[in-house]
Amino acid sequence: MVQTQKQKHGWRFTGTNGDFKLEQPESSSYLYFPLVNEGGMMSSVSPKLHGQVASGHNTFLTPPLSVEDLHNSRASRNFWIHLEGQGVWSAAGNSAKQNAEVYTDEADPVELEAGLLWHRVTRSSLQLGITAEITSFVPCGQDRVELMKVTLKNSGSEPLELTPTAAIPLYARSADDLRDHRHVTSLLHRTYTSAYGVEVQPALSFDERGHRINHTSYGVFGAEGNGAGPVGLFPVQEQFIGEGGSLDWPEAVVLNTEAAEAVDGAALEGYEAIGGIRFAQVILQPGASKSYVLVLAIDEDRIDVPVLMERYGSETGFDSHLKQTQAFWADKVNTVQFETGDSAADQWMKWVTLQPVLRRLYGNSFLPYHDYGRGGRGWRDLWQDCLALLIMEPGEVRSLLLNNYAGVRIDGSNATIIGQQPGEFIADRNNIPRVWMDHGAWPFLTTLLYLNQSGDLEFLLQEQTYFRDAFSSRCKQRNPDWSAADGSDLRTAAGEIYKGTILEHILLQNLVPFFNVGEHNNILLEGADWNDGLDMGAQRGESVAFTSFYASNLLEISRLLDTLQQRKGLKTVELAEEMVLLLDTLGEAIDYESISGKLSRLEAYYSAAANEVSGNKAVLEIGRVAADLAGKAEWMFEHLRSSEWITSTSGDGWFNGYYNNDAERVEGEFAAGVRMTLTGQVFPLLGAAAAPEQVPQIIAAVERNLLDPNIGYRLNTRFGGIQQNLGRAFGFAFGHKENGAMFSHMTVMYANALYKRGYVQEGYKVLDSLYRLSTDFERSRMYPGIPEYINEQGRGMYTYLTGSASWLLLTMVNEVFGVKGLLGDLLLAPKLVKQQFGPDGTASIETLFADRRLRVVYKAAGSVEYGEYQIQSVLLNGSEVTLQRVEEGLLIERRLIAALSAEGIHCLEVELV
Ligand code: G1P
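The shown structure was predicted, so the numbers you read here are calculated from the model rather than taken from an experiment. (Residues numbered from 1 in each chain as written. Predicted model: local features only at pLDDT ≥ 70, side-chain atom pairs only at ≥ 80, totals over all residues. Heavy atoms only, no water.)

Things to note about the overall build of the chain
Alright, step 1. Per the secondary structure count, the chain includes 22 helices and 52 strands.
Alright, step 2. The dimensions of the chain, computed from C-alpha atoms along their principal axes, are 90 × 70 × 60 Å.
Alright, step 3. Relative to its full complement of 913 residues, the chain shows a buried share of 62%.
Alright, step 4. The contacts in the chain between residues at least 6 apart in sequence include a share of 72% that link residues at least 24 apart.
Alright, step 5. Just so you have it, the chain exposes about 33,100 Å², and 47% of that area is on carbon and sulfur atoms. (Helix = DSSP H or I, 4+ residues; strand = E, 2+ residues; numbered from the N terminus. Buried < 20%, exposed > 50% of the residue type's maximum accessible area, 1.4 Å probe, protein only. Contact = heavy atoms within 4.5 Å. Areas by Shrake-Rupley, 256 points an atom, 1.4 Å probe, with all protein chains shown as cover.)

What to know about the packing of helix α8 (residues 343-362) against helix α9 (residues 379-392)
Alright, step 1. Between α8 and α9, whose axes approach to 10 Å, the crossing angle comes to 135°. Viewed along their axes, α8 and α9 adopt a mutual orientation that is oblique. Crossing angle aside, the handedness with which α8 passes α9 is left-handed. When α8 is examined against α9, the residues T353, P356, V357, R359 and R360 are found in contact with a partner set consisting of D381, D385, A388, L389 and M392. (Axes fitted to C-alpha atoms, helices over the stretch in contact; angles between N-to-C directions. Parallel < 35°, antiparallel > 145°, perpendicular 65-115°, else oblique. Left-handed = near helix turned anticlockwise from the far one by under 90°.)

Let's talk about unusual backbone geometry
Alright, step 1. With a phi close to 50°, S473 is a non-glycine residue in the positive phi region.
Alright, step 2. Topologically, S473 is positioned in the loop between β28 (471-472) and β29 (477-478).

Some remarks on the pattern of salt bridges
Alright, step 1. Evaluation of the coordinates by the stated rule reveals 50 salt bridges.
Alright, step 2. Note that R74 is salt-bridged to D248, the shortest N-O span being 3.3 Å. Taken together, the positions of R74 in the loop between α1 (69-72) and β7 (78-83) and D248 in the loop between α4 (237-241) and α5 (251-254) put the pair 174 residues apart, joining distant regions of the chain.
Alright, step 3. Accessibility expressed as a relative area gives 46% for R74, which makes it partly exposed.
Alright, step 4. Given a relative accessible area of 9%, D248 falls into the buried group. (Salt bridge = Lys/Arg side-chain N within 4 Å of Asp/Glu carboxyl O.)

Observations regarding the site of the ligand
Alright, step 1. Of all residues adjacent to the ligand, which total 14 residues, the nearest are W530, E738, E788, T802 and G803.
Alright, step 2. A distance of 2.7 Å separates an oxygen atom of the ligand from a polar atom in the side chain of T802.
Alright, step 3. A total of 370 Å² of accessible area belongs to the ligand in isolation, and the protein chains cover 95% of it. (Near = heavy atom within 4 Å. Polar contact = N/O pair within 3.5 Å; in protein donor to acceptor, adjacent residues only side chain to side chain.)

Quick word on the environment of G197
Alright, step 1. Residue position: G197 is located in strand β15 (residues 197-200).
Alright, step 2. For the pair G197 and I506, spaced 309 residues apart in sequence, the C-alpha to C-alpha distance is 55 Å.
Alright, step 3. With near-sequence residues (within four places) excluded, G197 lies in contact with Y192, V220, F221, L233 and I277.

So, the packing of α8 against helix α21 (residues 804-816)
Alright, step 1. Where α8 meets α21, the closest approach of the two axes is 8 Å, and the angle between their N-to-C directions is 125°. By the angle between their directions, the pair α8 and α21 is classed as oblique. Regarding α8 and α21, the two cross each other, and that crossing is left-handed. Residues W348, M349, V352, T353, Q355 and P356 of α8 pack against A805, S806, L808, L809 and M812 of α21.
Alright, step 2. Tallied by class, residues from the contact of α8 with α21 come to eight nonpolar, three polar and no charged. (Nonpolar A, V, L, I, M, F, W, Y, C, P; charged D, E, K, R; others polar.)

Describing the side chain of N725
Alright, step 1. For N725, the position within the fold is in the loop between β40 (712-713) and β41 (742-743).
Alright, step 2. We classify N725 as buried; its relative accessible area is 17%.
Alright, step 3. Each residue touching N725, except ones within four places of it in the same chain, is listed here: M536, G537, N660, N661, D662 and E664.

Thoughts on the UniProt feature "domain: Glycosyl hydrolase 94 supersandwich" (unreviewed entry) in the chain
Alright, step 1. In the numbering adopted here, UniProt assigns the feature "domain: Glycosyl hydrolase 94 supersandwich" (unreviewed entry) to residues 121-313.
Alright, step 2. Secondary structure content for residues 121-313 is 11% helix and 44% strand, and the end C-alpha separation is 20 Å. (UniProt positions renumbered as here; feature names shortened; annotations may be inferred.)

Examining the pairing of strand β46 (residues 842-849)
Alright, step 1. The element β46 is largely enclosed, with a buried count of seven among its eight residues.
Alright, step 2. Bridging between β46 and strand β47 (residues 852-860) involves eight bridges; their strand directions are antiparallel. Bridge pairing in β47 places L848 opposite R853.
Alright, step 3. Linking β46 to β47, which pair antiparallel, is a turn of two residues; within it A850 sits at a positive phi near 50°. (Pairing = 2+ DSSP bridges.)

Considering the packing of aromatic side chains
Alright, step 1. Scanning all chains against the criterion turns up 43 aromatic pairs.
Alright, step 2. Arranged with centres 5.2 Å apart and planes meeting at 20°, the rings of Y369 and Y798 form a pair that is stacked. Taken together, the positions of Y369 in the loop between α8 and α9 and Y798 in the loop between β43 (796-797) and α21 put the pair 429 residues apart, joining distant regions of the chain. Neither Y369 nor Y798 differs from the other in exposure class; each is buried.
Alright, step 3. Against the face of F670 rests R675, its NZ or CZ located 5.5 Å from the ring centre.
Alright, step 4. Just above the ring of Y798 sits the side chain of K737; from NZ or CZ to the centre is 4.2 Å. (Phe/Tyr/Trp six-rings, centres within 6.5 Å; stacked < 30°, edge-to-face > 60°. Lys NZ or Arg CZ within 6 Å of the ring centre and 35° of its normal.)

A short note on the confidence of the model for the chain
Alright, step 1. Per-chain confidence: the chain averages 95 in pLDDT, with 99% of residues scoring 70 or above.
Alright, step 2. Residue range residues 1-7 is modelled with pLDDT below 50. Its contacts to residues more than four positions away, or to other chains, number 29 contacts. (pLDDT = per-residue confidence, 0-100.)

Comments concerning a negative patch on the surface
Alright, step 1. Together, D299, E300, D301 and D304 make up a negatively charged patch on the protein surface.
Alright, step 2. Inspection of the secondary structure puts D304 in the loop between β23 (289-299) and α6 (305-312). (Patch = residues over 30% accessible without salt bridge, like charges linked within 9 Å, V, L, I, M, F, W, Y side chains within 5 Å. Lys, Arg positive; Asp, Glu negative; His and termini not counted. Charge placed at Lys NZ, Arg CZ, Asp CG, Glu CD.)

Overview of the side chain of E578
Alright, step 1. Note that E578 resides in the loop between β32 (572-576) and α14 (595-608).
Alright, step 2. Buried within the structure, E578 lacks any salt-bridge partner; its nearest side chain of opposite charge belongs to K617, at an N-O separation of 8.9 Å.
Alright, step 3. Only 2.7 Å separates the side chain of E578 from the backbone nitrogen of S614, close enough to count as a polar contact.
Alright, step 4. Excluding residues within four positions of it along the chain, E578 makes contact with Y605, A608, A609, V613 and S614.

Quick look at helix α13 (residues 544-568)
Alright, step 1. Given a rise of 1.5 Å per residue, 25 residues ought to cover 36 Å, and the 35 Å separating the end C-alpha atoms of α13 matches this to within 8%.
Alright, step 2. Backbone geometry just after α13 places G569 at a positive phi near 65°. (Expected span 1.5 Å × (residues − 1).)

Some words on the sheet that holds strand β12 (residues 145-154)
Alright, step 1. Read from one edge to the other, the open sheet built from 11 strands follows the order β1-β2-β9-β10-β11-β12-β23-β18-β15-β14-β20, with strand pairing classed as antiparallel. Since the sheet does not close on itself, it has two edges, and those belong to β1 (12-13) and β20 (266-269), each with one partner.
Alright, step 2. Pairing geometry for strand β11 (residues 130-137) and β12, over eight bridges, is antiparallel. Among the inter-strand pairings, F137 is bridged to a residue of β12, identified as L147.
Alright, step 3. Relative to the sheet, helix α7 (residues 315-333) contacts β10 (118-125), β11, β12 and β23, its axis offset from that of β11 by approximately 55°.

Concerning the sheet that holds strand β6 (residues 59-60)
Alright, step 1. Sheet architecture is open: four strands sit in the order β3-β4-β5-β6, paired in antiparallel fashion. Every other strand in the sheet has two partners, leaving β3 (33-36) and β6 as the edge strands with one partner each.
Alright, step 2. Direction of pairing for strand β5 (residues 53-56) relative to β6: antiparallel, over a ladder of two bridges. Across the sheet, A54 pairs through a bridge with F60, a residue of β6.
Alright, step 3. The strands touched by α8 within the sheet are β3 and β4 (42-45), with β3 carrying the most contacts at an inclination of about 55°.

See the structure below:
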């Protein structure tokens with residue numbers, strides 16, 4: 001993708017599959033690595049084996065933590081060695097003594113290696129002559145298990161007489177109990193010992209609203225490499241650490257006290273627990289080594305320890321599951337592969353490709369930076385994550401999309417609490433509900449991508465239910481009569497569950513906002529838009545940025561209706577009769593300049609469809625509906641271009657993105673400085689709101705006001721002051737998170753928009769800056785991948801779980817490599833720049849299309865500079881394809897691809913001249 005970065009210090013890829021190495025990882029703080037499986041085990045591990053192990057908000061095996069705890073808390077996975085006559089050493093590097101050596105020459109040499117999805121730390125003590133290699137992973141599959149193998153090696157010249165003890169704190173309860181009766185909940189612990197380790201099954205799950213019998217069990221078990229069990233156990237934490245001791249200087253290890261013999265079934269009540277596992281003393285001759293396997297498990301009821309240990313509790317079991325797991329993740333990630341002139345950049349993309357899958361599995365919680373939420377995903381993220389799934393796991397997407405639409409309310413807003421099951425949305429009974437005004441815009445974007453990739457236009461005509469709860473009129477009204485017993489499906493006047501087409505859902509989501517405008521005739525900001533931090537403008541705030549997005553959607557929907565007419569011969573559409581009010585030009589047209597006219601029409605619609613519909617459908621001429629939408633879009637574009645364009649004194653210009661809660665324009669050149677947002681520019685560029693002649697002016701203004709050579713494209717300039725009339729984001733220090741950091745999600749969308757508008761070099765520059773910032777380890781201090789944002793110091797923050805990864809993957813496939821669907825056919829429109837071609841003039845991508853694996857190889861015979869090459873010929877598996885040029889690029893009919901075998905990889909050789 002870009003030129004190889006020289007890393008003075010930092011990780012480097014070791015091969016071609018994304019594996020990397022980092023020397024002295026613990027001299028960087030905040031590093032952690034995800035270990036996870038589809039069965040719900042969610043772990044994180046730091047170079048010192050800190051991190052957490054959980055399967056949900058209420059089921060943490062180790063204590064829940066925040067990123068600061070990675071270095072400040074002592075409660076981490078540990079593996080201790082007591083060396084006869086020489087003291088103690090932590091193979092994880094976590095002893096008071098080793099921690100104190102960090103800035104001295106005594107510090108252990110350490111090397112970290114990691115890959116998809118495994119983690120290994122090798123640490124040596126030169127003084128003691130011992131080396132420990134600890135490999136961690138979560139086996140793929142359904143078991144909620146994390147595995148650790150510790151291999152100790154005598155790397156000195158004298159025999160070593162050592163006693164190993166594993167120590168993993170067993171918190172065994174809900175994250176809520178950390179600040180809600182941590183001590184009292186330890187009294188609920190029932191701790192059982194067995195031949196291999198310690199298991200805790202708390203008697204009750206603590207909840208003041210009603211304590212329930214708990215069944216979930218948590219265990220830490222250990223065996224020697226050959227499967228032999230330990231010689232003793234320390235199940236109670238206070239006994240293990242001793243009076244005056246601590247987890248990084250525990251009495252049981254320091255004084256090498258004898259462990260209680262494991263007695264199968266022995267039960268202890270109360271007390272914080274620990275998987276303290278004492279292995280037999282061993283003498284290691286120079287060069288000799290010995291391995292131990294640890295199994296951390298969470299189960300729905302008492303753990304079947306013999307079965308668990310049979311599967312995982314030996315070196316052979318460990319090694320074979322590690323292989324399977326590595327193959328599983330490699331397979332998943334290799335669905336999409338890039339080959340440019342730069343192998344490091346291509347491998348970095350493998351980690352980016354993995355990120356959307358991680359977000360599907362972790363939601364926005366359970367990694368150290370993500371110390372909030374209870375595991376669910378938000379509405380916006382639900383749709384964004386589908387973007388990547390459309391590329392990586394397209395088979396699943398149709399039903400996912402269909403299910404997601406069941407969350408739409410009849411007022412165009414949507415449920416925000418998303419249940420465990422697909423299509424399950426839950427009424428919010430406790431909090432004051434909030435409407436994020438951007439929520440209605442994303443589903444269509446994702447659906448349009450799906451329609452283009454698949455050609456499945458019938459999807460639009462499929463029916464789905466609507467969500468209903470106590471709220472209507474976009475949460476401004478609460479219906480006191482509604483009760484949970486009424487269920488969360490919208491019903492007709494006759495009490496039947498109402499269903500409408502997906503097209504109807506999409507229309508509602510995009511039509512209602514058109515009328516829901518503020519004092520400047522832009523769509524109201526409501527609870528916030530994409531920027532969750534703009535949450536203090538609910539009365540008079542307006543999001544001009546998303547007005548652009550909705551306007552572009554209306555235009556695209558109108559075009560889609562034309563397509564339905566042409567391709568499917570559809571002459572009419574059936575919509576809930578109340579919706580005709582919103583298609584005003586089909587009945588009583590209103591003046592779009594009139595704000596009060598729009599609002600009163602919206603009120604009329606709200607009263608007509610107040611949490612209930614008649615059930616009657618209006619049959620409308622499709623061309624008239626399309627024309628109504630196009631008319632609205634055109635009005636909005638005109639309004640945005642004439643009323644929201646800011647001409648700067650430097651000769652360029654940009655779009656104002658917002659009005660605050662005092663109905664004041666947010667952006668512009670003020671005495672105190674320039675106020676500008678990137679969001680305000682991205683949506684006009686991404687759709688059609690920015691006129692062609694405005695594009696270069698916006699780019700110039702972004703470069704001038706938002707690009708900071710140290711941290712990249714900022715989300716906004718420094719506004720100064722806390723902006724109580726706009727949102728909490730401005731309370732954040734400038735240069736952090738949603739206040740002026742380089743926020744990857746918006747930056748990638750900016751790049752995407754530039755590519756779409758044909759500003760390829762400019763788009764490349766943006767993507768390149770993201771890559772460079774993320775991989776500049778000296779400053780970013782993060783493993784390969786894209787962070788949620790880069791802060792003022794250049795540090796990569798909230799690593800792994802970010803929607804920007806989906807957007808980056810999408811941009812690389814659809815824009816940079818230009819491999820995308822056009823109503824089901826395959827479109828090739830490469831926008832590669834010269835840095836992205838290899839020395840032999842080729843660049844290639846492997847991806848799925850029409851359920852076939854394709855390898856598209858671009859071969860440049862002449863110039864490799866964008867703009868100077870064009871497609872000359874295409875060979876599909878060696879045979880020439882008749883070229884069909886369209887405005888957007890070169891079209892290859894779907895049937896040609898679909899006719900290929902479902903097995904193997906098919907090669908499309910594209911010659912560029
Ligand atoms: C996060 C949220 C996303 C939100 C954004 C800005 O971004 O997940 O929904 O729009 O903050 O507030 P992400 O982590 O996806 O990069």
